[in-house]
Amino acid sequence: MEFSDKIRRFFFPSLNRRYLSRLIFLGLSCYLIFSYLLIPLRIQGHSMEPTYGNGSFAFCWRPHYLFSQIERFDVVTVRFTGKNVMLLKRVIALPGEVLEFRQGILYINGKQILEPYVQYRTPWDLAPRKVKPGHVYVVGDNRGTLMSRHRFGQVNMARIIGGVIP
Amino acid sequence: MNKKILLVLILIAATAAFFLFPSDEKKIRNNLDSLAEYCSSASKETAIAALKKVALAGKLCSDPCMIQIESFDIHRDFKKKELTDHILMMKKMLPDTHFTFHDTTINFPLDNRAELTTTLRLTGKIDTDRFTEAYELSITADKIDGDWLFSSFSVVEFMEQ
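Cut-offs used in this document
Residues numbered from 1 in each chain as written. Chains lettered and ligands numbered in written order. Predicted model: local features only at pLDDT ≥ 70, side-chain atom pairs only at ≥ 80, totals over all residues. Heavy atoms only, no water. Helix = DSSP H or I, 4+ residues; strand = E, 2+ residues; numbered from the N terminus. Buried < 20%, exposed > 50% of the residue type's maximum accessible area, 1.4 Å probe, protein only. Contact = heavy atoms within 4.5 Å. Areas by Shrake-Rupley, 256 points an atom, 1.4 Å probe, with all protein chains shown as cover. Lys, Arg positive; Asp, Glu negative; His and termini not counted. Charge placed at Lys NZ, Arg CZ, Asp CG, Glu CD. Axes fitted to C-alpha atoms, helices over the stretch in contact; angles between N-to-C directions. Parallel < 35°, antiparallel > 145°, perpendicular 65-115°, else oblique. Left-handed = near helix turned anticlockwise from the far one by under 90°. Pairing = 2+ DSSP bridges. Buried area = accessible area lost by both parts, 1.4 Å probe. Salt bridge = Lys/Arg side-chain N within 4 Å of Asp/Glu carboxyl O. Polar contact = N/O pair within 3.5 Å; in protein donor to acceptor, adjacent residues only side chain to side chain. Nonpolar A, V, L, I, M, F, W, Y, C, P; charged D, E, K, R; others polar. Expected span 1.5 Å × (residues − 1).

(A) Spotlight on the overall build of chain B. Scanning chain B from terminus to terminus reveals four helices and six strands. In chain B, the succession of helices and strands from N to C terminus is α-α-α-β-β-α-β-β-β-β. Based on the C-alpha atoms only, the size of chain B along its principal axes is roughly 65 × 40 × 30 Å. Of all 161 residues assigned to chain B, the portion counted as buried reaches 36%. Here the contacts in chain B between residues at least 6 apart in sequence split such that 50% fall between residues at least 24 apart. For chain B, the accessible surface area stands at approximately 10200 Å², while carbon and sulfur atoms represent 59% of it. When the 20 basic and 24 acidic side-chain charges of chain B are each reduced to a single mean position, those positions are 11 Å apart.

(B) Structural view of the packing of helix 3 (residues 47-59) of chain B against helix 4 (residues 80-93) of chain B. All names here are of chain B. For the pair helix 3 and helix 4, interaxial distance at closest approach is 9 Å and the crossing angle is 135 degrees. Judged by the inter-axis angle, helix 3 sits oblique to helix 4. With respect to the hand of their crossing, helix 3 and helix 4 are arranged in right-handed fashion. Taken together, the residues of helix 4 that come into contact with helix 3 (itself represented by Ala50, Leu51, Lys53, Val54, Ala57, Gly58 and Lys59) are Lys80, Thr84, Ile87, Leu88 and Lys91.

(C) Spotlight on the environment of Pro133 of chain A. Within the secondary structure, Pro133 of chain A sits in the loop between strand 8 (126-130) and strand 9 (135-139). Placed 12 residues apart in sequence, Pro133 of chain A and Arg121 of chain A show a C-alpha to C-alpha distance of 29 Å.

(D) How the structure looks around the sheet that holds strand 1 (residues 38-42) of chain A. All names here are of chain A. Across the sheet, which stays open at both edges, the seven strands sit in the order 1-2-11-3-4-9-10 with antiparallel pairing between neighbours. Among the strands making up the open sheet, the edge pair consists of strand 1 and strand 10 (153-156). Between one strand and the next, the sheet's axes are offset by a mean angle of 45 degrees, whatever the strand orientation. Relative to strand 11 (residues 160-165), strand 3 (residues 75-79) runs antiparallel, the two being bridged by three bridges. Of the residues in strand 11, the one forming a bridge with Val76 is Gly163. Running over the sheet, helix 2 (residues 17-37) touches strand 1 and strand 2 (57-61) and is turned about 65 degrees from strand 1.

(E) Structural context of the interface of chain B and chain A. The interface is formed by 15 residues belonging to chain B together with 22 residues belonging to chain A. Taken as a group, Phe158, Met159 and Gln161 of chain B account for 43% of the area that chain B buries against chain A, more than any other trio of residues on that side. When the shortest N-O distance is used, the salt bridge between Glu136 of chain B and Arg159 of chain A registers 2.8 Å. The tally of links between chain B and chain A comes to 10 residue pairs in polar contact (both at pLDDT 80 or more). Counting only elements with at least two residues in the side of chain B that touches chain A, the list comes to strand 3 (97-110), strand 4 (113-126) and strand 5 (129-144) of chain B. Its residues placed into classes, the side of chain B that touches chain A shows five nonpolar, six polar and four charged.

(F) A look at the sheet that holds strand 1 (residues 61-69) of chain B. Residues and elements named next belong to chain B. The strand order 2-1-6-5-4-3 describes an open sheet built from six strands, whose pairing is mixed. Each of the sheet's edge strands pairs with one partner strand only, and the pair in question is strand 2 (74-78) and strand 3. Ignoring strand direction, the axes of neighbouring strands in this sheet form an average angle of 20 degrees. Pairing analysis gives four bridges linking strand 1 to strand 6 (residues 147-156), with the strands arranged parallel. Bridge pairing in strand 6 links Met66 to Ser152. Seen against the sheet, helix 4 touches strand 1, strand 2 and strand 3 and runs at an angle of roughly 120 degrees to strand 2.

(G) Local environment of helix 1 (residues 2-20) of chain B. Its 19 residues place the ends of helix 1 of chain B 26 Å apart at the C-alpha level, agreeing with the 27 Å of an ideal helix rising 1.5 Å per residue. Sparse coverage of helix 1 of chain B is indicated by the burial of zero of its 19 residues.

(H) Examining the pattern of salt bridges more closely. Using the criterion set out here, one finds 14 salt bridges over all chains in the structure. Between Glu97 of chain A and Arg72 of chain A there is a salt bridge, with its nearest N and O atoms 2.8 Å apart. A residue pair is termed long-range when its members are at least 10 positions apart, and Glu97 of chain A in the loop between strand 4 (86-93) and strand 5 (98-102) and Arg72 of chain A in the loop between strand 2 and strand 3 qualify at 25 residues. Residue Glu45 of chain B pairs with Lys91 of chain B through a salt bridge whose shortest N-O separation is 3.4 Å. Within this pair, whereas Glu45 of chain B is found in the loop between helix 2 (24-39) and helix 3, its partner Lys91 of chain B is found in helix 4, the two being separated by 46 residues in sequence. Relative accessible area serves as the criterion here: at 23%, Glu45 of chain B is assigned to the partly exposed category.

(I) Structural detail: the pairing of strand 5 of chain A. Residues and elements named next belong to chain A. In terms of strand pairing, strand 5 meets strand 8 through three bridges, oriented antiparallel. Following the sheet pairing, Phe101 is matched in strand 8 by Leu126. The sheet contact formed by strand 5 and strand 6 (residues 105-108) spans four bridges and is antiparallel. Note that in strand 6 the partner of Leu99 across the bridge is Ile108. What sits between strand 5 and strand 6 in their antiparallel hairpin is a turn of two residues, with Gln103 showing a positive phi close to 50 degrees.

From the geometry alone we can't say anything about function, so treat these as descriptive.
Structure, rendered in structure tokens:
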């Protein structure tokens, strides 16, 4: 077979049964993977800047927490009623921990925590509060906005859909 | 050949029945989509067009309609006039804003009552800045004189500071 024929057959294969079944298998695999395992995320908003900018793209890896626990500083997706609209936030405190913000600096159980991912900081002040069992405290990386305009707080772990890649 | 024609006719009849006689769930979903469309504002929406849309949005809600937003300390019944006035005011404050509902689930605890959970997504522009907001809503719809009308809206606050 000539090289040009091979190229032609690669780009324009004949629509035989074998080709169609492969096409259907590929379509189904893509649907299952990108609907249930690796959900594509288009990020809208500035709350996770500079880690994830407005208009950037990432994936939610759903099995991330099947065999591992949520850890501090993990970036997670938090669901509303489904997986079409989700919040992207960073976990800063785990169940039972007491957190507070003093002049924009995070304190967990009274100890200062360094947050190298925070580039924009304003002097947030939040009185100490304990994270309930079965909950984690999530917040965005962009602390350059007023605290009243930023959506953060403790959420039930059942609302966390998965981790974020990359 | 006759069997094929019969099969095609059955398919056409089934499709027509599906569109001409929608289920209660389909009717509620259509109402929700209409509500989103009527509450949305185009960038250069005229006052008349806005009034028309607000009146249509009001027709989709019962009178009174209960609104609950804990973060704004709102938990009371709104008369239809009051509700439409608020929608109109919101359209003026947020021109060029689009409402969409996502991930809606509908349950029927009673024959004439439906409970919805949905995610409301707002996208728009204030001055030159684009914004995106999302809220989880719990909505009740009641079948009144054959029409499904929304009788309560409450914002689910799942993130506690």
